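Residues per chain are reported as follows:
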Amino acid sequence: MIQVENLVRRYGDHMAVDHLSFTVEAGKIYGFVGPNGAGKSTTMNVMTGYIAASSGTVVIDGHDVLKEPLAAKACIGYLPEVPPLYTGMTVREYLMFAAQLKKVPKKERSEHVEEIMGKTGLCDVDKRLIRNLSKGYKQRVGFAQALLHDPKVLILDEPMAGLDPKQIIEMRELIKGLAGSHTVILSSHILSEISAVCDHILIISKGKLVAGGSPKQLEEMMQAKTEVEVTVLGEQDQAEAVLSQMKEVERFTIQPGEETGSMVLSLTAVENADIRKELSVALSGAGLPILSMNRSEKSLEDIFLELTGVEEAAEEAEELEEEVTEDDSDL
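Colleague: Just to check I follow, could you spell out the sheet that holds strand β7 (residues 153–157) for this structure?
Modeller: The strands that make up a sheet pair up through hydrogen bonds in the backbone, lying either parallel or antiparallel. Ordered in space as β6-β7-β8-β3-β9-β10, the six strands form an open sheet in which the pairing is mixed. Strands at the two margins of the open sheet, each flanked by one partner only, are β6 (76–79) and β10 (208–213). Shown here is a sheet whose adjacent strand axes are inclined to one another by a mean of 15 degrees, direction ignored. For strand β3 (residues 29–33) and strand β8 (residues 183–187), the ladder comprises four bridges, and the chain directions are parallel. Of the residues in β8, the one forming a bridge with F32 is S187.

So this is what it looks like as structure tokens:
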């Protein structure tokens, strides 16, 4: 349905999108995830034809966005982060106007707008001025205009931004209901929502694709090396002797525990090895009673931080702030 190949977008010396390539299958929901400044919105703007790429190609349902812009745009419904609304109009007036712009046949226009309002839950507010609607309803109106011409592809930029928990659930159900009949690409910083809604997740950082797959595949990918934390009673040299002889243990650290005489062993196992049984036998056999054992599992948020380097960037920022504070104190 969508093919993006070697997409590049520069703003002066800044590379917003850096040779980005991916494929989107028809009828599925794709999540576009990345930190602020990763290039998500820029990529979406290029895909919709709103801005031009510096190089590379975007093909929507067989139509090159650069060479066949009208045909490509006819396949797309777009909801920007800030919906393009005329707030002095009522909901119905605005959607009728948008339907006319999208060339919905005049005879079908009124019935079609009624159908879309029903699908997006706007029938009860159809006569209200858009300026008087809540943030959630304004998002629904923007969503409705994106659906008006029954596009094959829906591109939604931060559709849940600023919504309360109830509105997020309602928007999630709206999006999930489109699977199969539409191909959906959405960007979001709400990783739990991406996981709940999307069939496939694309994670980008600094304009590059760093990982892609289903939520389950991403978690399995990042769990290739098992991490185990064990609290035991005993001496450090005993623990070191046991762990250094276990081939399944790639590396380990030992820290004092909270309880008197206890130690916390943090272990990383070789790829795909579940070492809990062997570890338990080895430690008990060496006279090191186990107080607790936990196997860590990375959440989607952990994966996001690890792949995009957000955590490292935050640590660097903290270090820089400390340096600045020290310099100021010297003054």
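Colleague: Help me understand the environment of A269 in this model?
Modeller: Note on placement: A269 falls in strand β13 (residues 262–271). Note on A269: relative accessible area 0%, which makes it buried.

Colleague: Just to check I follow, could you spell out helix α9 (residues 236–244) for this structure?
Modeller: It helps to recall that an α-helix has 3.6 residues per turn; residues three or four apart then point in one direction. Burial in α9 covers these residues: A239, V242 and L243. In an axial view of α9, the angular spread of the buried residues amounts to 90 degrees, which keeps them on one side of the axis. What points out from α9, more than 90 degrees from its buried face, is the exposed set D237 and S244.

Colleague: Just checking my understanding: could you explain the nonpolar core for this structure?
Modeller: Side chains of nonpolar character tend, in soluble globular proteins, to be buried together. V91, L95, F143, I175 and L186 are the most contacted members of the largest nonpolar core, which has 43 residues in total. If sequence neighbours within four positions are ignored, F143 has contacts with L79, T120, L156, M171, L174, I175 and L178. Grouped together as the second largest cluster of nonpolar side chains are 26 residues, A16, V17, M47 and I60 included.

Colleague: How do you make sense of the sheet that holds strand β2 (residues 14–24) when you look at a structure like this?
Modeller: Strand order in this open sheet of four strands is β2-β1-β4-β5, and the pairing throughout is antiparallel. Of all the strands in the sheet, the pair left with one neighbour each is β2 and β5 (63–64). Of the strand pairs in this sheet, strand β1 (residues 2–11) and strand β4 (residues 55–60) are connected by five bridges, and their pairing is antiparallel. Bridging across to β4, I2 finds its partner in I60. Of the strands in this sheet, β1, β2 and β4 touch helix α1 (residues 40–47), which is tilted by about 65 degrees from β2.

Colleague: Is there a simple way to explain a negative patch on the surface in this structure?
Modeller: A cluster of acidic residues, E108, E111, E115 and D150, forms a negative patch at the surface. Mapped onto the elements, E111 comes out in helix α4 (residues 106–120).

Colleague: Help me understand the pairing of β7, please; the structure alone is not making it clear to me.
Modeller: A regular strand places its side chains on the two faces of the sheet in alternate fashion. Of all five residues in β7, five are buried, a share of seventy percent or more. Side chains V153, I155 and D157 of β7 all project onto a buried face; the interleaved residues L154 and L156 project onto the opposite face, where all are buried too. With four bridges joining them, β6 and β7 adopt parallel strand pairing. Residue pairing for β7: G77 is matched across the bridge by L154. Note on the crossover from β7 through helix α6 (residues 165–176) to β8: the handedness is right-handed.

Colleague: Can you walk me through the pattern of salt bridges in this structure?
Modeller: Pairs can form between side chains of opposite charge whenever their charged atoms are close. Going through the model one piece at a time under the given rule, you end up with eight salt bridges. Between E25 and K28 there is a salt bridge, and its shortest N-O distance comes to 3.2 Å.

Colleague: Which parts of the structure should I look at to understand the side chain of R9?
Modeller: Looking at where R9 falls in the secondary structure, it is placed in strand β1. At 2.6 Å, the side chain of R9 forms a polar contact with the backbone oxygen of A52. In this structure R9 touches H14, M15, A16, V17, T42, I51, A52 and S54, once residues within four positions along its chain are discounted.

Cut-offs applied
Residues numbered from 1 in each chain as written. Predicted model: local features only at pLDDT ≥ 70, side-chain atom pairs only at ≥ 80, totals over all residues. Heavy atoms only, no water. Pairing = 2+ DSSP bridges. Helix = DSSP H or I, 4+ residues; strand = E, 2+ residues; numbered from the N terminus. Axes fitted to C-alpha atoms, helices over the stretch in contact; angles between N-to-C directions. Buried < 20%, exposed > 50% of the residue type's maximum accessible area, 1.4 Å probe, protein only. Arc of directions from axis to C-beta. Core = buried A, V, L, I, M, F, W, Y, C linked by side-chain atoms within 4.5 Å. Contact = heavy atoms within 4.5 Å. Patch = residues over 30% accessible without salt bridge, like charges linked within 9 Å, V, L, I, M, F, W, Y side chains within 5 Å. Areas by Shrake-Rupley, 256 points an atom, 1.4 Å probe, with all protein chains shown as cover. Salt bridge = Lys/Arg side-chain N within 4 Å of Asp/Glu carboxyl O. Lys, Arg positive; Asp, Glu negative; His and termini not counted. Charge placed at Lys NZ, Arg CZ, Asp CG, Glu CD. Right-handed = clockwise from strand over helix to strand, strands pointing away. Polar contact = N/O pair within 3.5 Å; in protein donor to acceptor, adjacent residues only side chain to side chain.

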